[in-house]
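Listed here are the chains, written in short residue letters.
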Amino acid sequence: MAACVTVYHREGCHLCDRMFAELRSLQRRLDFHVQPVDIDEDPQLKERFNVKVPVLAVEDDILCCHFLDVPGLERALEPD
């Protein structure tokens, strides 16, 4: 079963757009699906992640902020 990778983002964020593009290219070889969450639609998420977006979480663990950590994502998606 594919892992869930959540990207906390906001519209108009160039770093967010870049992370989504990088994730799309990695989906060709890694088994995951992306769940985008716009932080501006939730006051608590906006307060938590405002200047950190994009924030990438694998399952419920925060993996990286601002820039994609490809080796970290690969490790996080390795089967147990």
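Residues numbered from 1 in each chain as written. Predicted model: local features only at pLDDT ≥ 70, side-chain atom pairs only at ≥ 80, totals over all residues. Heavy atoms only, no water.

Q: What exactly am I supposed to notice about the pattern of salt bridges here?
A: When the charged atoms of two side chains lie near each other, side chains of opposite charge can form a pair. Tallied over the entire structure, the rule returns two salt bridges. In this structure, D40 engages R10 in a salt bridge whose closest nitrogen and oxygen atoms are separated by 2.8 Å. Taken together, the residues span a long stretch of sequence, with D40 in the loop between strand 2 (32–38) and helix 2 (43–49) and R10 in the loop between strand 1 (3–9) and helix 1 (14–26) at a distance of 30 residues. Among the ionic pairs, R29 bridges to E74, the shortest N-O distance being 2.4 Å. Highlighted residues: R29 in the loop between helix 1 and strand 2 and E74 in helix 3 (residues 70–77), separated in sequence by 45 residues. (Salt bridge = Lys/Arg side-chain N within 4 Å of Asp/Glu carboxyl O. Helix = DSSP H or I, 4+ residues; strand = E, 2+ residues; numbered from the N terminus.)

Q: Which parts of the structure should I look at to understand the side chain of H9?
A: For H9, the position within the fold is in strand 1. Setting aside chain neighbours within four positions, we find H9 in contact with C16, F20, P36, V37, D38, I39 and V53. (Contact = heavy atoms within 4.5 Å.)

Q: Would you mind going over the sheet that holds strand 1 with me for this structure?
A: Across a sheet, strands are paired by hydrogen bonds formed along the backbone, either parallel or antiparallel in direction. If you walk across this open sheet you meet the four strands as 2-1-3-4, and the pairing is mixed. Of all strands in the sheet, those bounded by a partner on one side alone are strand 2 and strand 4 (61–65). Across the sheet, the mean angle from the axis of one strand to that of its neighbour is 25 degrees, orientation sign disregarded. Bridge count for strand 1 against strand 2 is seven bridges, and the pairing is parallel. Counted as the bridge partner of Y8 is V37 from strand 2. Across the sheet, helix 3 lies against strand 1, strand 2, strand 3 (55–58) and strand 4, angled at about 20 degrees from strand 3, the strand it touches most. (Pairing = 2+ DSSP bridges. Axes fitted to C-alpha atoms, helices over the stretch in contact; angles between N-to-C directions.)

As far as function goes, none of this settles anything; it's purely spatial.
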